[in-house]
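Results of the structural survey
One letter stands for each residue in the lines below.
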Amino acid sequence: MEIYQNPNYSVQQRVEDLLAQMTLEEKIAQLGAQWLILNPDGEHQDRELEMGGQDARKPIHERLKHGLGQITRPLGTQVISPNDGVAALNKLQKYLVEETRLGIPAMSHEECLVGLMAKDSTLFPSSLNYGHTWNPELIHDMAEVIGQQVRRVGAHHGLAPVLDVSRDVRWGRTEETLGEDPYHVGVLATEYVKGLQGEKRDLLATLKHYVGHSFSEGARNHAPVHLGFKELNDTFMLPFEMAVKLGNAGSLMPAYHDIDNEACHASHHLLTEVLREQWGFDGLIVADYGGVELLASHHGIAADKAEAAALAFNAGLDIELPDDACSSQLVSALERGLISEQKIDEIVARILKVKFEMGLFENPYCDESSIDLQSEKAKELAYQVALQSVVMLENNGTLPLNKQQKLAVVGPTADDQLALLGGYSFPVHLILSSIDDSGKVCPTILEALQNEFTEVLYSKGCDILTERHANAPVFPGDVDLAMNQTMTSPVSQDASQIQQAVETIEQADVAVVCVGDLAGLFQTGTVGEGSDTDSLDLPGVQQQLIDRAIATGKPVIILVTGGRPYNLNGAEEKAAAVLFGWAPGQEGARAIADIIAGNQAPSGRLTLSIPKNAGAVPYYYNHKLKSGGTPIAYHFGSKYNFGYGLTYTDFAYRNMQIDEQQVAIEDGVIKVSVEIENTGTQAGCEVVQLYIKDKLCSLVRPIRELKGFQRVDLAAGAATTVVFELPVDMLNFTNSAHQRVVEAGEFDIMIGKSATDITFTQTINVVGDNRVLPQYWNMLCHSYYNQD
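Model, not experiment: these values are computed from the prediction.

Quick notes on the overall build of the chain
Summing up its helical and strand segments, the chain has 21 helices and 31 strands in all. Taken over C-alpha atoms, the radius of gyration comes to 26 Å for the chain, in line with the 28 Å a tight globule of 788 residues would show. In terms of its C-alpha atoms, the chain occupies a principal-axis envelope of roughly 75 × 65 × 50 Å. Residues counted as buried form 62% of the 788 residues belonging to the chain. Contacts in the chain between residues at least 24 apart in sequence constitute 79% of all its contacts with a sequence separation of at least 6. With the model as given, the accessible surface of the chain reaches about 27900 Å², and the carbon-plus-sulfur share is 45%.

Here it is, written out as structure tokens:
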């Protein structure tokens, strides 16, 4: 037995032994992946790729004979049962372990942002829903179950979570974000990472998209980002830093775009100097799909695929995904002096280290016994995330409804199961692959309301899209096409069904109008990756449907689902109630129906401000004082700001206390407490929020910044004291030397119900010499409460 095959040796010894035996071809094979349609009988097939040029490919057995770094989405690529998918994966792994010279097993990866993206798996709510719960513990528990499902199908690497901080809600990938506040994103993403990876880190979470992806030019997918390092670090890098240092994240994925003309996939500063050297990241950096090739075909900073590979791997990349289009050209890059074999050895050593640490050599195969991806625990967690993420913006007392009322349910999303799902759910992904699978995956809103109410009438009212199919140029790579784009929108403008919906409403006591968008990647939907928008009006004729419904004089509850906030153009004030359910997943319809029927109370709070209109974007609560212009532009702002949300009861805030008005800059902690009482007649949930304002600073700072939050569940009439312990370290910002610093001086400490509903403000004084923070600074505000 070779040393590398013997688990009694240290990981370092095994790595050194194996690396010394590898040929150059075997090393290079570890730096890439293969994206195949796997078959349980071993007759694997190539999958056509959307991205880049289609060069002639060698036969599959030729590409596998030297080994393989990663297997791309073995179950998520096709409609296959979990058991058949695992059998197919084992068949490929068996070849690698038993028929290649060194028997190095491959890692496999799957998408898992909203649950394992494979047939029959639990369809969890979208990331936006995660954010709107303000419940890190719940997200941890959910990610733990997702991790169990990912492991069950043999994957070692999950491509989640998304840590992009939302800045412009026109961006299609808004649905993948957790919200617009960097600290809030960092806390929830870190808990997702911890839950997914587990204590042993035998499954890698992948932080993406590093970094600034969500502040793209015009909110367009892949578009350039115009940011200096100070703002980049304070806003967009903070969640990644938290997930690396607090969550021990095992993997990271660079973004497609360039920042100030530097492509993220080729940034040595971001991938090596900051991530590895300053933050201490010890995991694997994997390319976003096609991201290496785009350095040549789109960014124009590499002459060909060999040079693109050299740029990315020299910058810090470890593995190209989803294939080896560029990594396979590294022999040419070596011959041309673009990369050294020493650099390749360094990268291969990192990859082998992870494979040994995971026990992949001892346990390369996945258990093929019966696989259940729909446990009761998974369903309950999917329900809780959906339930706790519904945000009620308005309610004139109409909600909750009496179950005996005659209910009219209208709208294009009412009876469409896909309207409940995010873009990275398996059924929605199938549209992109032009695979038709119309099987039932979850109850619709209409079906859930029919279960709760005695009499329900239904009319669709309108469509959102005229057709759904994959036809958009995903990665055109063509300047002329980019300049002369002539595609027309498939959004429906047909209003002919509205009259029938109006007649249905007139027969009822109250109406639920179900509107929103449909997730779909690359313009197969109205939101999702590559499905960006130019307006915050509801797609198509849905606003007409709402206006006509309100004009009937019947009480109208507007239910918006989807992946971004929308303006309702004044209908907010006229409606009896407004609910945002986002993309609540397979249990979402039940959760929404429970809230409407009064079985449960809404408890979600906005993590995205809803801009007044498209002219206000980019809009976010933590903007600069001058963001609104001078004089403040009439179109600037948001009626419904970050942190806002109603429930079925009321809460009183009393007696804010700060232990010390003067706090040391060195390791100081600001202890803040406030009393909360449920003054209503039923149980409810409040989200208590702690904000700060740096009153005088050497650099321009936001008007307000979230630094702590706590969900509080209280019975009617009950009271509690909520306590926050805020480290002075968290008052930091990035200086001109790219250091995180805290300056002495005065800070406003605020307690509020939202970013614009502040109940108490006190000023504290941070004393001492201005301080540069160490590598491991205090990044979390601890909070707790005890019910009286």
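A look at the UniProt feature "domain: Fibronectin type III-like" (unreviewed entry) in the chain
UniProt's entry tags residues 686-755 with the feature "domain: Fibronectin type III-like" (unreviewed entry), counted in the numbering of this structure. Along residues 686-755 the backbone is 0% helical and 61% strand, and the end-to-end C-alpha distance reaches 14 Å.

As for the environment of Glu 26
Note on placement: Glu 26 falls in helix H2 (residues 24-29). Residue classification places Glu 26 among the buried residues on the basis of a relative accessible area of 5%. What Glu 26 contacts, discounting residues up to four positions off in sequence, is Gln 21, His 66, Arg 101 and Leu 102. There is a polar contact of 2.7 Å between the side chain of Glu 26 and the side chain of Arg 101.

As for the nonpolar core
Soluble, globular proteins show a tendency: their nonpolar side chains are buried together. If you look at the biggest cluster of nonpolar residues, it comprises 166 residues, and the most contacted ones within it are Tyr 130, Tyr 192, Tyr 210, Ile 670 and Ile 749. It is helix H8 (residues 229-245) that provides the largest number of residues to this core, a total of 9 residues. In terms of nonpolar packing, the next biggest core, distinct from the first, is built from 37 residues, Leu 393, Ile 546, Ile 558 and Leu 608 among them.

Some words on the state of the cysteines
Defined simply, a disulfide is a covalent bond joining two cysteines at their sulfur atoms. A complete count under the given rule lists 0 disulfides for this structure. Its sulfur unpaired, Cys 326 is 17 Å from the next cysteine sulfur, which belongs to Cys 264. There is no disulfide at Cys 685, and the cysteine sulfur nearest it, in Cys 781, is 17 Å away. Of the residues examined, Cys 685 reaches a relative accessible area of 3% and is grouped as buried.

Considering the sheet that holds strand E14 (residues 455-459)
Within the open sheet, the 6 strands sit side by side as E12-E17-E16-E15-E13-E14. Their pairing is mixed. Only two strands of the sheet have a single partner each, and these edge strands are strand E12 (391-395) and E14. Taking each pair of neighbouring strands and ignoring which way they run, the sheet shows an average axis angle of 20 degrees. Summarising the sheet, strand E15 (residues 510-516) and strand E16 (residues 556-561) pair through 6 bridges and their orientation is parallel. Opposite Cys 514, over in E16, you have Leu 559 as the bridge partner. Packing against the sheet, helix H16 (residues 445-452) makes contact with strand E13 (406-410), E14, E15 and E16, and its axis sits at approximately 160 degrees to E14. Contacts from helix H18 (residues 498-506) reach E13, E14 and E15, with the element oriented near 165 degrees to E14.

Focus on unusual backbone geometry
A cis amide bond links Leu 321 to the next residue, Pro 322, at an omega of 5 degrees. Tracing the chain through its elements places Pro 322 in the loop between helix H11 (305-315) and helix H12 (330-335). In this structure, Phe 522 takes a positive phi of about 55 degrees despite not being glycine. Relative to the elements of secondary structure, Phe 522 occurs in the loop between E15 and helix H19 (542-551). By relative accessible area, which is 11% here, Phe 522 ends up buried. One non-glycine residue, Asn 569, lies in positive phi territory at about 50 degrees. Its place among the elements puts Asn 569 in the loop between E16 and helix H20 (571-574). Overall, the relative accessible area of 48% leaves Asn 569 in the partly exposed class.

Definitions and limits used
Residues numbered from 1 in each chain as written. Predicted model: local features only at pLDDT ≥ 70, side-chain atom pairs only at ≥ 80, totals over all residues. Heavy atoms only, no water. Helix = DSSP H or I, 4+ residues; strand = E, 2+ residues; numbered from the N terminus. Rg over C-alpha atoms; globule rule 2.2 N^0.38 Å. Buried < 20%, exposed > 50% of the residue type's maximum accessible area, 1.4 Å probe, protein only. Contact = heavy atoms within 4.5 Å. Areas by Shrake-Rupley, 256 points an atom, 1.4 Å probe, with all protein chains shown as cover. UniProt positions renumbered as here; feature names shortened; annotations may be inferred. Polar contact = N/O pair within 3.5 Å; in protein donor to acceptor, adjacent residues only side chain to side chain. Core = buried A, V, L, I, M, F, W, Y, C linked by side-chain atoms within 4.5 Å. Disulfide = S-S within 2.5 Å. Pairing = 2+ DSSP bridges. Axes fitted to C-alpha atoms, helices over the stretch in contact; angles between N-to-C directions.

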